[in-house]
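What the coordinates show
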Number of protein chains: 2
Amino acid sequence: MSCEAPIGIFDSGVGGLTVAKEIMQQLPKEKLIYFGDTARVPYGSKSKETVTAYSRQIIKFLLSKQVKAIVVACNTASALALDTVSKEVEVPMIGVVKPGAKVAVQTTKNGKIGVIGTEATIRSGLYPTLLKAMNPKLEVYEQPCPLFVPLVEEMWLNDPVTKEIAKRYICGLQKQDIDTLVLGCTHYPLLRPILREIVGDQVALVNPAYETAKYLKEVLSLKKLECTENKYQSDHIFYVSDGAEKFRAFASSILACEMIETKDVNIKIFD
Amino acid sequence: MSCEAPIGIFDSGVGGLTVAKEIMQQLPKEKLIYFGDTARVPYGSKSKETVTAYSRQIIKFLLSKQVKAIVVACNTASALALDTVSKEVEVPMIGVVKPGAKVAVQTTKNGKIGVIGTEATIRSGLYPTLLKAMNPKLEVYEQPCPLFVPLVEEMWLNDPVTKEIAKRYICGLQKQDIDTLVLGCTHYPLLRPILREIVGDQVALVNPAYETAKYLKEVLSLKKLECTENKYQSDHIFYVSDGAEKFRAFASSILACEMIETKDVNIKIFD
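All values derive from a computational prediction rather than experimental measurement. (Residues numbered from 1 in each chain as written. Chains lettered and ligands numbered in written order. Predicted model: local features only at pLDDT ≥ 70, side-chain atom pairs only at ≥ 80, totals over all residues. Heavy atoms only, no water.)

What about the relation of the copies chain A and chain B?
Mapping chain A onto chain B calls for a rotation angle of 180° and an axial translation of 0.0 Å; the resulting RMSD is 0.0 Å. The symmetry that links the two subunits is that of a two-fold axis. Relative to the rotation axis, the closest C-alpha in chain A is found at A:Arg40, a distance of 2.5 Å. When the interface residues of chain A are mapped onto chain B, 100% of them again fall at the interface, so both copies present the same face. (Least-squares fit on C-alpha atoms with pLDDT ≥ 70 in both. Contact = heavy atoms within 4.5 Å.)

Below is the structure:
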């Protein structure tokens, strides 16, 4: 495997761009191949079997692009499929749930952690399992927020309606006196301003993206797969399973860069 | 083709149940095979190519069940795919858009019609085209409501947040002095109480489901395919591409019946 090979990264849609952005900042020499499954978003309401089958197709596609590592930039796929699919391939594969849990444990002071995510992520129970494995005394409170992904995909990011919905989702967690809130879905950091307003300064908002990029750097270094040359900078390619144009507009605003190469791909043929 | 063969009906998810319910009432002797594409809902944000490809798979599946007719109980698929796919099969295939447009023309008194639907349905322009073909003097005002499907799929049917979102979507249409509002997505009749509150009694709410069932009855009669025996009553089968249990709960509440046979099916193999 060559150090110059790209890094594969995938999500159910645009949410994984928050992770891609962090990787671009922490590993500026690496080339990214991003896949957003916009034809089948959202994943959070789907079953383990379906999310695993979709993840397998995408991994096959990314491997066809000779990636040297794969980042599962989707909490739902990380929680439901990563354990199974990571055993089926030879390249290192990392998810966002473990890094997110790790930083939450380091952040909390009163030991009370809130986790918000999709229905499927919360149902999987993976966050509490990982958190309590690191510290059995932690109290973990969870809340699924099924409308957040559609709201983000519609770009209602700073909207009174979104705030009202967020308030309703968060109020139960606030009553539990949490001091740390894990944004357990890669779409949610885009709602950070609204979430910050609701929880105030007393609650730390944990975005697993930062820790995921840091962990990816460690893994690449360990496997001697870091790219040391600068030639690939901003040479990233973005694939989607539907609506390349809409995705391009969204990605440009999130990544704050103009020139983004976006292509449609028929993901079903990788079955 | 036998009169005793079942009628196939499909939608992107649970929305088509509003049409199934109407067919059960108007054609109580017929057996229905319903398919809800819950693994890939929503369709309304997807492209014509994707919705056509998905519709083709589902039609293939329904034909494998020997259906005598197919009802496309999804406005998005009716608007984007019906014209293409109906030419590829021999059984009669009817959508919900044409019947919906027909009843809107019969309903309006001042000639000002509002249409709400998914992004894809509105972008297709099919409702204004059909309405104006029937009466060129009509004024048609459209509004996409992309959050309605996720809200319905989450069952926030009679909720202040849903009402606030609905108000925002509808206010522009109200300013145009419409007297008729077409619920151009099969999910929307489930929001009827909220929509009624917002528009008041002066605006007629048109649900294409009723007219679609009526049209289906005419087509079956014309082709001499009506089932005259009563033996199939309530012997319907519901297939979904994901989450049969969740669907069963939802379907039971919408159809107001307890015993519903629901099965998971891998729709991708019908490619």
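Now, onward.
Examining the sheet that holds strand β2 (residues 32-36) of chain A
All names here are of chain A. What the 6 strands build is an open sheet, ordered β4-β3-β1-β2-β9-β10; its pairing is parallel. In this open sheet, the two edge strands, each paired with only one partner strand, are β4 (93-95) and β10 (261-264). Ignoring which end each strand starts from, the neighbouring axes of this sheet average 20° apart. Alignment of strand β1 (residues 7-11) against strand β3 (residues 69-72), held across 4 bridges, turns out to be parallel. By the bridge assignment for β3, Ile9 is matched with Val71. Running over the sheet, helix α2 (residues 48-64) touches β1, β2, β3, β4 and β9 (237-240) and is turned about 155° from β1. Sheet strands in contact with helix α11 (residues 208-222) are β1, β3 and β4, and its direction is about 160° off that of β4. (Pairing = 2+ DSSP bridges. Helix = DSSP H or I, 4+ residues; strand = E, 2+ residues; numbered from the N terminus. Axes fitted to C-alpha atoms, helices over the stretch in contact; angles between N-to-C directions.)

A few points about the layout of surface pockets
When its volume is computed, the largest pocket comes out at roughly 980 Å³. Around the largest pocket sit 46 residues that line it, and A:Val41, A:Pro42, B:Val41, B:Pro42 and B:Lys46 are the ones nearest its centre. Here the lining of the largest pocket is built from residues that sort into 20 nonpolar, 12 polar and 14 charged. Estimated volume of the second largest pocket: approximately 360 Å³. What lines the second largest pocket is a set of 21 residues, among which B:Leu82, B:Asp83, B:Ser86, B:Met93 and B:Lys98 lie closest to the centre. Within the lining of the second largest pocket, the residues separate by chemical class into 14 nonpolar, 3 polar and 4 charged. (1 Å grid on protein atoms, 1.4 Å probe; cavity = no way out; pocket = protein on both sides within 12 Å on 5 of 7 lines; lining within 4 Å. Points joined across faces, edges and corners; volume = space filled by probe spheres on them. Nonpolar A, V, L, I, M, F, W, Y, C, P; charged D, E, K, R; others polar.)

Overview of the pairing of strand β3 (residues 69-72) of chain B
Residues and elements named next belong to chain B. Every second residue of β3 is oriented toward a common face, with Ala69 and Val71 on one face and Ile70 and Val72 on the other, all of them buried. Strand direction decides the pairing type here: β3 and strand β4 (residues 93-95), joined by 3 bridges, are parallel. Looking across to β4, one finds that Val72 is bridged to Gly95. (Buried < 20%, exposed > 50% of the residue type's maximum accessible area, 1.4 Å probe, protein only.)

As for the sheet that holds strand β8 (residues 204-206) of chain B
Strand pairs in the sheet, formed through backbone hydrogen bonds, run parallel or antiparallel to each other. Residue and element names in this part refer to chain B. Pairing within the open sheet is parallel, and its 4 strands lie in the order β6-β5-β7-β8. Strands with a single pairing partner mark the edges of an open sheet, and in this sheet they are β6 (139-144) and β8. Here the average twist between neighbouring strands, direction ignored, is 20°. In terms of strand pairing, strand β5 (residues 112-117) meets β6 through 6 bridges, oriented parallel.

Quick look at empty space enclosed by the protein
Residue and element names in this part refer to chain B. Applying the stated criterion to the full structure yields 2 cavities of 30 Å³ or more. Computed from the structure, the largest cavity encloses a volume of approximately 80 Å³. In this structure, the largest cavity is lined by 15 residues; those nearest its centre are Ser12, Cys74, Thr76, Thr118 and Cys185. Taken together, the residues of the lining of the largest cavity sort by class into 5 nonpolar, 9 polar and 1 charged. Partitioning the lining of the second largest cavity into residue classes produces 5 nonpolar, 7 polar and 1 charged.

Quick notes on helix α9 (residues 160-175) of chain B
Given a rise of 1.5 Å per residue, 16 residues ought to cover 22 Å, and the 22 Å separating the end C-alpha atoms of α9(B) matches this to within 8%. Within α9(B), the axis deviates most sharply at B:Tyr169, by approximately 35°. Here α9(B) has its buried residues at B:Val161, B:Thr162, B:Ile165, B:Ala166, B:Tyr169, B:Ile170 and B:Leu173. Where α9(B) is buried, its residues contact α9 (160-175) of chain A together with β5, β6, α8 (148-153), β7 (180-183) and α10 (192-199) of chain B. With a side-chain oxygen lying 2.8 Å from the backbone nitrogen of B:Val161, the N-terminal cap of α9(B) falls on B:Asp159. Remark: B:Asp177 follows α9(B) within two positions and exhibits a positive phi of approximately 65°. (Expected span 1.5 Å × (residues − 1). Bend = angle between axes of the 7 residues up to and from the residue. Polar contact = N/O pair within 3.5 Å; in protein donor to acceptor, adjacent residues only side chain to side chain.)

Overview of the pattern of salt bridges
Residue and element names in this part refer to chain B. Under the counting rule described, the total for this entry stands at 18 salt bridges over all chains. Glu30 is the partner of Lys68 in a salt bridge, and the nearest nitrogen-oxygen pair spans 2.7 Å. One end of the pair, Lys68, is in the loop between α2 (48-63) and β3; the other, Glu30, is in the loop between α1 (17-26) and β2 (32-36), and 38 residues separate them in sequence. (Salt bridge = Lys/Arg side-chain N within 4 Å of Asp/Glu carboxyl O.)

Points about the packing of α9(A) against helix α10 (residues 192-199) of chain A
Residue and element names in this part refer to chain A. For the pair α9 and α10, interaxial distance at closest approach is 10 Å and the crossing angle is 50°. Classified by the angle between their axes, α9 and α10 sit oblique to one another. Every pair of crossing elements has a handedness; the one defined by α9 and α10 is right-handed. Packed against α9, whose contacting residues are Thr162, Lys163, Ala166, Lys167, Ile170 and Gln174, the element α10 presents Ile194, Leu195, Glu197, Ile198 and Val199 at the interface. Split by residue class, the contact of α9 with α10 holds 6 nonpolar, 2 polar and 3 charged. (Parallel < 35°, antiparallel > 145°, perpendicular 65-115°, else oblique. Left-handed = near helix turned anticlockwise from the far one by under 90°.)

Everything listed is a geometric property; what it means functionally is a separate question.
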